[in-house]
Amino acid sequence: LTLNRQGIGRTMQSGNHRVPRLGAVDHLSALTLVALLVLVGAALQPAAAQEGITIDARAQTTPFPHFWEQMFGSGRAILSLRESYRDDLRAVKQVADFRYVRFHAILHDELGVYNEDEHGNPVYNFSYVDQIYDGLLKSGVRPFVEISFMPRKLAFNPDALHPFWYKPNVSPPKSMERWDALMTHFAQHLVDRYGIDEVSNWYFEVWNEPNIDFWNGIPRQKSYFELYAHTARDLKSVSPRLRVGGPSTAAAAWIGDFLKFTADNHIPVDFVSTHGYADDSVEDLFGTNEDIPMDDRVCRAVAKVRHEIGTSATPHLPLFWTEWNVQGMNESRDTTFVGPALANTIRQCDGTVEMLSFWTFSDVFEEGGPIAKPFEGHFGLRAKGGINKPSYYAYGLLHQLGDARLENPSKNVIVTKTADGGLAIAAWNLVDPGEQGTTRRIALAFLGVPPTSRVTLQQVDSEHGSVLKDYAAMGKPLDPTPDQVDQLNRETALPAPRQIALESGKLVLSLPPNALALIKVPR
């Protein structure tokens with residue numbers, strides 16, 4: 001079919017039927033012509049490609065610890081005394097079964113840990129600290145203790161306040177001897193209260209992101225390394241069984257320098273910790289101008305840090321990625337995008353990191369002040385009021401993966417074997433925020449299982465486990481009542497698994513954009 005100045009250039013023929021030649025363009029509506037061309041063009045397009053994936057249930061496996069759900073982050077320490085925080089913690093514990101939680105500001109003045117009497121002598125008060133840690137332990141979660149920020153009366157600069165709403169002090173101590181005393185009193189109190197057998201299962205991380213504006217020591221790196229050295233030795237003086245690490249940097253920074261410093265100066269270090277987000281810049285993460293998609297940045301950064309550890313004097317240290325999240329454009333963290341982005345990150349990071357701590361489990365969070373309304377793109381799995389986001393259900397699906405992985409070349413599945421000998425497979429259709437995606441067809445062919453086995457399928461997508469439409473239909477209340485929250489969670493809860501029979505050992509999935517599916521095959 002051609003178009004020239006005179007009109008449609010030839011007769012179209014279909015089978016035994018001839019379509020009369022159309023007149024000149026000036027006798028044909030431009031709109032009609034465009035519509036015709038679009039229809040013809042669409043008819044000539046090939047069908048969407050289908051990905052074929054073969055899964056052999058008899059194949060060799062490798063260990064697959066659930067590193068992505070061992071720890072979650074949360075805002076700051078005092079928030080954990082709120083019932084809303086504890087409700088969210090218990091709810092997420094039900095779907096992810098995490099073991100550690102990390103938060104800022106255990107030394108913030110709002111907890112009253114450090115004061116000085118009229119003579120300038122230190123006064124310690126761990127009352128709120130006890131309530132915080134008691135609450136975590138009662139819920140079956142241990143603290144991953146981030147030692148921050150500086151008590152005002154211990155600060156070299158009492159006015160060195162970070163712009164966060166709760167104004168943490170980011171100054172070095174005015175006296176390193178008084179900092180040492182605070183650290184030893186803090187650690188000894190924890191050991192006395194909870195016992196060394198318990199506290200030796202915790203982790204102590206020195207500060208938060210000292211390479212940026214959370215630390216204003218001068219020069220930044222040298223002064224932080226001094227703080228780390230004192231803190232690590234203080235904790236070990238209470239008990240060598242206490243585990244301490246760092247440098248807890250933003251954007252995977254300082255690792256090589258930190259490990260050289262600790263090795264050269266014989267400073268205790270039990271683990272390496274750092275941070276990196278999918279929407280951190282390539283320059284910040286890698287110091288280059290490479291074109292690295294956001295979906296690949298976190299695990300590329302993890303691999304970089306793992307290499308730095310491996311080439312250091314302490315090559316076997318565990319790596320804890322104590323903050324990460326998917327890219328946050330267009331409020332994507334409230335949407336079904338999180339599930340496929342999480343699954344894809346798990347696929348890439350497997351075998352390179354001991355814990356990958358999602359920031360955060362809850363939108364009970366106040367870095368910018370009290371959250372005004374649900375669904376503003378905040379980090380958590382539950383929105384204001386305790387509303388379950390799609391990410392909450394995505395974690396629930398991925399929790400059901402087995403602890404042994406079968407290698408598979410596809411970038412869209414994770415294949416695992418469960419403790420009872422069955423299979424659990426995650427499959428997804430990842431479409432980045434702002435992009436137009438299409439339905440992905442994935443044909444799974446199973447070997448080593450009966451060809452008519454009945455399998456189960458659960459799926460998180462815009463129609464399953466997503467609350468956004470229902471919240472909009474409710475009128476988007478700024479402060480949803482408990483009854484409204486219950487209604488939203490009840491009406492958008494993920495349905496029970498569907499039962500499906502394999503056909504000749506095959507199953508074809510049709511996954512809409514940003515769907516995450518879990519398929520379970522019995523032994």
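Predicted model, so just to flag it, every value in this text is computed and none were measured. Per chain, residue numbering runs from 1 following the sequence as it is written. The predicted nature of this model means local features are confined to residues of pLDDT at least 70 and side-chain atom pairs, given and counted, to a pLDDT of 80 or more, with totals for whole chains, interfaces and linings taken over all residues. Water and hydrogen atoms play no part in the side-chain values, which are based on all heavy atoms of the structure.

A. Layout of the confidence of the model for the protein. With 91% of its residues at a pLDDT of 70 or more, the protein has an overall mean of 91. Scored between 0 and 100, pLDDT is the confidence that the predictor attaches to each residue. In this analysis, two residues are considered to be in contact whenever any of their non-hydrogen atoms come within 4.5 Å of each other. Taken as a whole, residues 1–47 scores under 50 in pLDDT and shows 33 contacts with residues more than four places along the chain or in a different chain.

B. Examining helix α7 (residues 255–264) more closely. Buried, partly exposed and exposed residues are distinguished by accessible area as a fraction of the type maximum, computed with a 1.4 Å probe on protein chains only: under 20%, between the cut-offs, and over 50%, respectively. Under the DSSP-based scheme used, a helix requires at least four consecutive residues in state H or I and a strand at least two consecutive residues in state E, with every element numbered from the N terminus. Looking only at α7, the buried set comprises I255, F258, L259, F261 and T262. Buried positions in α7, seen along its axis, are confined to an arc of 160° and lie on one side of it. Check the buried side of α7 and you find it contacts α6 (220–238), β13 (244–249), β14 (271–275) and α9 (294–310). Of the residues flanking the end of α7, it is H266, one or two places downstream, whose phi is positive at about 55°. Regarding the arc, it is the one traced by the directions from the helix axis to the C-beta atoms.

C. Quick look at the sheet that holds strand β7 (residues 71–76). At least two DSSP bridges between two strands are required for those strands to pair. Taking strand neighbours around the barrel as the criterion, the eight strands line up as β7-β8-β11-β12-β13-β14-β15-β16 in a closed arrangement whose pairing is parallel. Between one strand axis and the next, the sheet turns through 25° on average, direction left out of account. Summarising the sheet, strand β12 (residues 203–206) and β13 pair through two bridges and their orientation is parallel. Among the inter-strand pairings, F204 is bridged to a residue of β13, identified as V244. Angles run from 0 to 180 degrees between N-to-C directions of axes, and those axes are lines fitted to C-alpha atoms, restricted for helices to the stretch in contact.

D. Structural detail: the environment of D87. The topology assignment puts D87 in helix α2 (residues 83–96). C-alpha separation for the pair D87 and Y395, spaced 308 residues apart in sequence, amounts to 17 Å.

E. Quick peek at the packing of aromatic side chains. In this scheme Phe, Tyr and Trp rings, the latter by its six-membered ring, pair at centre separations within 6.5 Å, and the angle between planes marks the pair as stacked below 30 degrees, edge-to-face above 60, and tilted otherwise. Enumeration according to the criterion identifies 39 aromatic pairs in this entry. Both rings, one in Y194 and one in W202, keep their centres 5.4 Å apart while their planes meet at 50°; by these two values the pair is tilted. When its relative accessible area of 16% is taken as the criterion, Y194 is described as buried. Ring-pair connections join several aromatic residues into one group, and the members of that group are F72, Y85, F98, W324, F358, F361 and Y395. Note on geometry: a ring has a charge over it if NZ (lysine) or CZ (arginine) is within 6 Å of the ring centre and within 35 degrees of the ring normal. Positioned over the ring face of Y203 is R243, at 3.9 Å from the centre of the ring. R382 extends its terminal NZ or CZ atom over the ring of Y392, reaching a point 5.9 Å from the ring centre.

F. A look at the state of the cysteines. Two cysteine sulfur atoms form a disulfide, by the criterion used here, when they sit within 2.5 Å. Applying the stated criterion to the full structure yields one disulfide. Residue C299 pairs covalently with C349 via a disulfide, S to S 2.0 Å. Judged by the sign of its S-S torsion, about -110°, the cystine formed by C299 and C349 is left-handed. With C299 in helix α9 and C349 in helix α10 (residues 338–349), this pair connects stretches of sequence that are 50 residues apart. By relative accessible area, C349 is classed as buried at 0%.

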